[in-house]
Each structure stands twice: as structure tokens, then as C-alpha cells.
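What follows is the residue order along each chain.
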Amino acid sequence: MSFRATILVGNKKGKVGIGTAKGQDVITAIRKATHEAYKNVHDVTVTEHGSVPYPVFIKYKAAKVKLLPAAPGTGLKAGSSVRRVFSIFALSKSTFISL
């Protein structure tokens, strides 16, 4: 039996990395995924207000996602899972819609 782990790392300043790995036990899978995440760090464009600069629409297989910029003072409008991911991206004022 093998285990799969997906790890998301970030510095809350616009840099984020994601890694996915399998291992014979949970600790090995997490260690491999963390190493992979640190190797795949990318810059995320964030405005000075903590929002995305322009609307984004992504379709992957059956999933459709819309990410919209929000005005200052609006806050983050998203579910709990997405809210935790956006906090790693340093996005504090955006709207997330899953279609």
C-alpha cells in the first residue's frame, strides 16, 4: 500500500510552490512532496491591496473556476479550503467562484 501527499508551501508574499508525491508510509510521502514543492516555487501576481490584478477563468476537465478581483475593504469571499490556500498566496481581497 502506498500513500499520496500534496503539499503547498508559500511565504505569504507572492511566492508559492506545490508538490505531490507517493511513498510507502505517510511520513515519506510528506517528505517527498515537501521537497518537490520547494523545487517548484513560482511567483503569484498580487496587487498592493491583496487582490488579483484581473479576472481569471480556468477550466480543467469538468471543473470551472472563476477568480475575481475585489475592491479594497471587501475581504476574501471563498470557502474554507480555498481560503486557506489563498492565505498562502497572500490574497486577502478576492472573490472565488466554483462553477
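Everything discussed here concerns the structure shown above.
Residues numbered from 1 in each chain as written. Predicted model: local features only at pLDDT ≥ 70, side-chain atom pairs only at ≥ 80, totals over all residues. Heavy atoms only, no water.

1. Looking at the sheet that holds strand E6 (residues 94-98)
Reading across the sheet, the three strands line up as E4-E5-E6 and stay open at both edges, with antiparallel pairing between neighbours. In this open sheet, the two edge strands, each paired with only one partner strand, are strand E4 (56-60) and E6. The mean inter-strand angle of the sheet, taken between neighbouring strand axes irrespective of direction, is 15 degrees. Both E4 and strand E5 (residues 63-69) contribute to a ladder of five bridges, which runs antiparallel. Counted as the bridge partner of lysine 59 is lysine 64 from E5. (Pairing = 2+ DSSP bridges. Helix = DSSP H or I, 4+ residues; strand = E, 2+ residues; numbered from the N terminus. Axes fitted to C-alpha atoms, helices over the stretch in contact; angles between N-to-C directions.)

2. Quick notes on the sheet that holds strand E2 (residues 15-23)
Strand order in this open sheet of three strands is E1-E2-E3, and the pairing throughout is antiparallel. Edge positions in the open sheet fall to strand E1 (3-10) and strand E3 (41-43), since each of these has one partner strand only. Across the sheet, the mean angle from the axis of one strand to that of its neighbour is 20 degrees, orientation sign disregarded. The sheet strands contacting helix H1 (residues 26-39) are E1, E2 and E3, and the helix crosses E2 at an angle near 145 degrees. (Contact = heavy atoms within 4.5 Å.)

3. Quick look at the pattern of salt bridges
Per the counting criterion, the structure on display carries two salt bridges. One salt bridge in this structure joins lysine 15 and aspartate 43, with 2.8 Å as the shortest N-O distance. In this pair, lysine 15 sits in strand E2 while aspartate 43 sits in strand E3, placing the two residues 28 residues apart along the sequence. The exposure class of aspartate 43 is exposed, given its relative accessible area of 61%. Put simply, glutamate 36 and lysine 39 hold a salt bridge, and the shortest N to O gap is 3.8 Å. Of this pair, glutamate 36 and lysine 39 are both found in helix H1, three residues apart, which corresponds to roughly one turn of the helix. (Salt bridge = Lys/Arg side-chain N within 4 Å of Asp/Glu carboxyl O. Buried < 20%, exposed > 50% of the residue type's maximum accessible area, 1.4 Å probe, protein only.)

4. Concerning the nonpolar core
By size, the foremost hydrophobic cluster in this structure holds nine residues: Val16, Val52, Leu67, Leu76, Ala78, Val82, Phe86, Phe89 and Leu91. Considering each element in turn, this core owes the most residues, three residues, to helix H2 (residues 80-89). Leave out the neighbours within four places in its chain, and alanine 78 touches Arg83 and Phe96. By size, the runner-up hydrophobic cluster in this structure holds seven residues, among which are Ile7, Val9, Ala21 and Ala33. (Core = buried A, V, L, I, M, F, W, Y, C linked by side-chain atoms within 4.5 Å.)

These figures capture arrangement, not role.
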